[in-house]
Every structure is written in C-alpha cells, then in structure tokens.
Amino acid sequence: MTTFPAAQAQSSMSSRAEYEAALSRLREASQAYYGDGDSALDDASYDLLRLAVLAWEQENPAEVSPDSPTGLVADGAAPAGDVAHTTRLLSLDNVFDAEGLVAWGASVQRRLGRAPAGGFTVEPKIDGAAVAGRYRDGRLVQIITRGDGSHGEDVSHVIGQIDGLPERLSVPVTVEVRGEVAFTQEQFEAANAVRTAHGAQPFVNPRNGTAGTLRAKDRPYRLQMTFWAYGAVELDGVPFLQPGAAHAETLRAVAAAGVRTTADSPAGLHVVAELAAAQQQVDAIAAMRAQLPVGIDGVVIKLNEAAEQQEAGVGSRFPHWAIAFKLPAVERQTVLEDVVWEVGRTGVLAPTAVLAPVVIDGSTVTRATLHNPADIRRRDLHIGDTVTVYKAGDIIPRVQAAVLGLRPAGATEVPLPESCPRCGGEISKAQERWRCAQGTACALPALIEYAAGREMLDIDGLGRTYVAALVASGDVTDIADLFTLTPDQLTVASGSSKRAVKLAEQIAAAKARPLNRVFCALGVLGTGRSMSRRIARHFGTMDAIRQADAAAMQDVEGIGPEKAPVVVEQVAALAPVIDKLVAAGVNMTEPQDPAAQAGGPLDGKVVVVTGKMAGPLDGMGRSEMNALIEKAGGRAGSSVSSRTSVLVSAPSANGKPSSKAVKAAELGVEVITPEAFAELVADYLT
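Bear in mind that the values here come from a model prediction, so they are computed numbers and not experimental data. (Residues numbered from 1 in each chain as written. Predicted model: local features only at pLDDT ≥ 70, side-chain atom pairs only at ≥ 80, totals over all residues. Heavy atoms only, no water.)

1. Notes on the packing of helix H7 (residues 275–287) against helix H22 (residues 659–667)
Okay, so step 1: Following both chains from N to C, one finds H7 and H22 inclined at 115°, their axes separated by 8 Å at the closest point. Handedness of the H7/H22 crossing: left-handed. Note on element contacts: H22 touches H7 through Ser-659, Val-662, Lys-663 and Glu-666, opposite Gln-281, Asp-283, Ala-284 and Ala-287.
Okay, so step 2: Residue composition of the contact of H7 with H22, grouped by class: three nonpolar, two polar and three charged. (Axes fitted to C-alpha atoms, helices over the stretch in contact; angles between N-to-C directions. Helix = DSSP H or I, 4+ residues; strand = E, 2+ residues; numbered from the N terminus. Left-handed = near helix turned anticlockwise from the far one by under 90°. Contact = heavy atoms within 4.5 Å. Nonpolar A, V, L, I, M, F, W, Y, C, P; charged D, E, K, R; others polar.)

2. What to know about the confidence of the model for the protein
The predicted coordinates of low-pLDDT regions are not to be read in fine detail.
Okay, so step 1: Mean pLDDT over the protein works out to 86, with 92% of the residues at or above the 70 mark.
Okay, so step 2: In this model, residues 1–11 is a region of pLDDT below 50 whose contacts with residues beyond four sequence positions or in other chains number 34 contacts. (pLDDT = per-residue confidence, 0-100.)

3. Details of the side chain of Gln-281
Okay, so step 1: Note on placement: Gln-281 falls in helix H7.
Okay, so step 2: A relative accessible area of 14% means that Gln-281 is categorised as buried.
Okay, so step 3: Apart from residues lying up to four places away in sequence, Gln-281 is in contact with Val-122, His-270, Val-272 and Glu-666. (Buried < 20%, exposed > 50% of the residue type's maximum accessible area, 1.4 Å probe, protein only.)

4. Focus: the nonpolar core
Okay, so step 1: By size, the foremost hydrophobic cluster in this structure holds 50 residues, and its most contacted members are Leu-462, Phe-483, Leu-522, Ile-535 and Leu-581.
Okay, so step 2: Counting residues per element, this core draws most heavily on helix H14 (residues 515–521), at five residues.
Okay, so step 3: The residues touching Leu-581, leaving out its near neighbours within four places in the chain, are Ile-479, Ala-480, Phe-483, Val-518, Leu-522, Val-586 and Met-588.
Okay, so step 4: Membership of the second largest hydrophobic core comes to 30 residues, among which are Leu-140, Ile-159, Leu-165 and Ala-191. (Core = buried A, V, L, I, M, F, W, Y, C linked by side-chain atoms within 4.5 Å.)

5. Remarks on the pattern of salt bridges
Opposite charge on two side chains lets them pair, provided their charged atoms get close.
Okay, so step 1: In total, this model carries 23 salt bridges according to the counting rule given.
Okay, so step 2: In this structure, the salt-bridge partner of Arg-378 is Asp-375, at a minimum N-O distance of 3.7 Å. With a gap of three residues between them, Arg-378 and Asp-375 both fall in helix H9 (residues 373–378), about one helical turn apart.
Okay, so step 3: A residue is classified by how much of its surface remains accessible, and Arg-378, at 33% relative accessible area, is partly exposed.
Okay, so step 4: We classify Asp-375 as buried; its relative accessible area is 7%.
Okay, so step 5: In this structure, Arg-534 engages Glu-630 in a salt bridge whose closest nitrogen and oxygen atoms are separated by 3.9 Å. Taken together, the residues Arg-534 in helix H15 (residues 529–539) and Glu-630 in helix H21 (residues 622–631) connect sequence positions 96 residues apart.
Okay, so step 6: Linked through salt bridges whose partners overlap, the residues forming this network are Glu-189, Asp-375, Arg-378, Arg-379 and Glu-432. (Salt bridge = Lys/Arg side-chain N within 4 Å of Asp/Glu carboxyl O.)

Written as structure tokens, this is what we have:
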C-alpha cells in the first residue's frame, strides 16, 4: 500500500502512450538502481517516476501493462540468481510523510482487527543492498543477494570483506541473518581511492558501489563494506530463537552471536507503544542523519511481536507488518557547469563546482565542494558532466562522481589553473593542495579584510575596496601596518578626508581590543574565534603565547598533538608582525574576569545554540554567543550530541522544532529559550 505524498498523489500522465514510455524509463532506471551501472536517475527522480507510474495504474486498473514491474520485488530488475531463499526475502513498501504513516497504521489495525498490543520498532533504513548470510555451526558459509525475493545470487566470494558479518561467530550457532550491506562514508572514500589507483572510474554513489562490489569476482583489489542485520530466520530447521521472539529480541540474539545489527548503529533500535511515538523517533533519526557513518534513505517501522506480524501477513512484494518512511533525498544529480578557483588566506587554491540549480535536502544547491586538482583528475570530472551531489543537514554539498553514461559529446576535462587566479603568479604544486607561490602575500587583501572584520579588530568602514587600495599602494603589507597609517594615506585610499577621519578613529579604537581578537586577526592556521579565545584566556599575554612550546600549547582545550606544533610554528613565523603590533601600541593582554575565574553558571557544561536570539540576546551572532558561553564557564558546541548539556533554541517561525531540538529531545538534553538563557548568564552580559 504505497501512500503517496500530497504533492505527488496525482499522475502526470494523461495517456496510455505516456504510461508505456514511463514504464520503459522505469525498467531502465530499475536495472541501474538495483544493478551495478551508472543510474540515469538519482533516487528522488526514480521515486517520482515510480510514483507517477503507480498513480496511473491505480487510476486505470484495467489498462495496467501485464509486464509492469511495479508488483515485483526490486521492480523485477535485481539479478535473481539460482540460490533459493530459506523464506522469501521481500522489499518494503514506502510512505513519505506523517499522514502516510498514519494510513499504514490504520491498515495494520484493520488487518489485526484491533490496535497492535506489542508496540512498534523503529530503526534506520540503511541505503545499501539486502543480503542473507548463512551460518552453520558459527561459520559463515554463504552470502546471497535478495534477487527476486525467491532466489538470489551467491556472492560468497566477498566473505571476509564485510565488517559486521564475521567469518566466525562467538558461538557455534546455525542461523540465517538478513540485513543491508553498504559502504560507510569512510569506506566509500577509501574504495574510490583504490579504484582510481587501479585506473577504474570512481563509484557514482555508495549504493551503486555496494551492488557492483558484491557481484564483482575478477577485480585485482578487495574493498571493505559493512553489514547491519535487520532480522534472522532459522536455517536447516535448527532452532535459533525462542518461539514467538519479538523483533527487538531477535536483533539482541543476533548481536549476542557477534553480528552487527541496526541497533548497533548510532540511530539505534527503538521500541515504542504508539505510532505517534514512532513518528517522533523518525524525526529524531532524520535529525541525526548528517552525523551517521553510513547513508540512510529512510526509517523502518515494524510490528514488534512475531504473532502480530504473522496476523498482519505479507503481500506478493511487501510484508504488511512493516513500512519504510522515506526521507528527503540528500543525493541528487545535476550538471557541472563550471569550476571556479579562489585563493584562501593562506594562499591555498580552492576549487568550487558551479552547478545547475538542484533542490537537495530542502534547499537549492548551486555550488559544491571539490577538494583539490588531484582529486578532480581522480574523479575524471568534465565540464557538462551530470554529477552526483551529496548534502545532508548542515554539511556543505560535495561532488561525488560523474555519471559517465550521461556525458555529453564534446565535454572537456575541468581545466586546472596554470597560474594563481588572484595574482597571476606561479603555483606551488608540491602537495595535492596547490598554493600560490607567494603564500599569504597573495592572500593579503583577504587576510586584511578578515582581520578588520567585526568579530576580530572591528574596524568599521574598512571594507574590501579600501583594503584593496591600501594593499595596491604598498601602504599595508601586513595587519600591523593598519596601525601606522597616516590621515593622508587613509584619504587617498578612501577618496574622502571625512571618511579618513572616521577610519582613523576606528583604527585607534582597535588598539584596545582584547588579546583574543588580536590573536584571531593574525590568521593562525587551525585557530578561529573560539580557539583564539581559549588560547588567549589560557596564556593571558602574547608574550606567554610566544614562549609556549608544543607541549604547553596542548594544555589548551581542543588543541591536540597534531595541531599544537602547527600553532607554535605559525606564531613564531609571525614574530615580525607581532613585534610591529607591539610597537604600534596594540593591546597584548587578555582581560581576566574574576567571576569567570571563580566558576560560572555554565562551568563544565557544553552549550549549543540554534536559531535567532531574542530578548536580551537579540542581535547576537554565533561568535558572540560562543564568547558569552565561554565567559560564563561553559564550552560552545556546534552540534547536539550525547556530550551536550544545554541547547539554547529559539522557536522557529513555523512552530516546528528544529532538527537540533528534535535530537536534543531524543537524547534527553535540556532545551531552554534565549530569554531563559539570558537570565541564567545575566551577570556576564555586558
């Protein structure tokens, strides 16, 4: 009983001919979706096409094509193989919203003749390939793909390549475990690195890569994948579970034997009494989606009790006792229109993909991350390629791979810069991340503009145009030169003596900024606003910072053994600039707050902020809030986790809780309003 989302409930097809054409596209897309080729459709487009076909078939039951794949497991596209399944290995039906979940619940209640008594389970729907792993006397002897649900392919050659599906169990049991094999994001990146090193094309996405890896037998390399069990059945008539074991009990028994289950994922397995509580768990899992180590495309809700599952029964394609709540696509395909190169504050050349606009995870994406020139060549990207773009939550979108089957004629390789895009000078190609040979000198305008920003030296009015003029004239060669500028130099740069007077006043005021802002303005690699505050608060003076070695630097919270020597080296390299700042009379001490030293109301707490602040905090940005948190003795966090103590959450305009608020509720994290937080830290507001 596929439940259509309201926006997709109506078929877009008006004739039998359009229906037949859509069927043809669906068959072709299904072959790629369930096979190992490059798909001409991303998941969202595939779902839309399939829903349109289903809607037409429901509206025109007498005209349904006899060879329509919509009634078959995996749309009839997955290679069936010749190994018979112990019991049928079915797909899941889908819903797309809360209304669809309620409709599914009503259908279950009709089948049972009553409300379910054993509750529901909620677990992540791993975006991979379904397989059955057969253990005899604790030894993994066979792995079989789902195929058509009745028969699957024997892919036992991948035994030893799948984490979570060990070759030997801790107990000598005989059982068949069923679940999903997938690449974690880390494994996916490693797999593509191995493939490109062997001259093969990178996988378009983890799901297709998993399907291809399971079936490949002649590769000169082995790629590691991961398994998550979502069920188990008896094998060879040997009992494994107590009669009538519930779903949650089944997964506990599977985990106890040594096989990874969906309950072992960060999203976990949840048992709830009511469908409304199941919806809350769906929202919570969706909120943590970006932090999960493996891709999920939905959340699975099941009847927990085996007896009620049996009563609800199964159809030809789906069990009636389970449903997949599909989540919005975080992976889409679009066209790579261009690649632009920018030079960062340290002189690194950063490529950015310019994309044809595409909606991903609720927002329109037109740009995405590309790592470096070597990565662009490894991925064999061409201008005009249809590329797979991934985005989840707050993560910056990234280009994963090109769909080679859709490459247009005349597509050209992404051109790599032959000279620095900013200054036109030479490029250092000694590392994979190319740099301007001039280093920070090339990026001087960006560095000066950054240093003059509101959260650093806060020199109001010193924008990009004036900075460019000062650098071009040679009057400013580093940030210290800002404090020795004459009225005449400022007049020439700004074109106005009045503006020059105001700029001079702002620069004079900037000399008194606290040490943390001055240190941040230096642009030390690996430090930003929060880290600069910690360093300044820890050492107290610039002299103490300059005298610190790597061991002393590690005493600062958040600085580990890798970052510490980098910070020390950078500070040493900036010695001439720091000396000039001292000579110009710039403050080099951090004011100490006696109240903060004594331990504030947030002492030992990790605080995360989300939404627009209100009340006494109105107008405060993220950096200002982080500074306030640290001043009151706490530590600012960027995302909600089990370590979070408090979430400061402003109500959204539509009244719905934010993803961070949902996750906080799931983890039992205290949530307070901006007004309540302002009252808590009132002694630290200035």
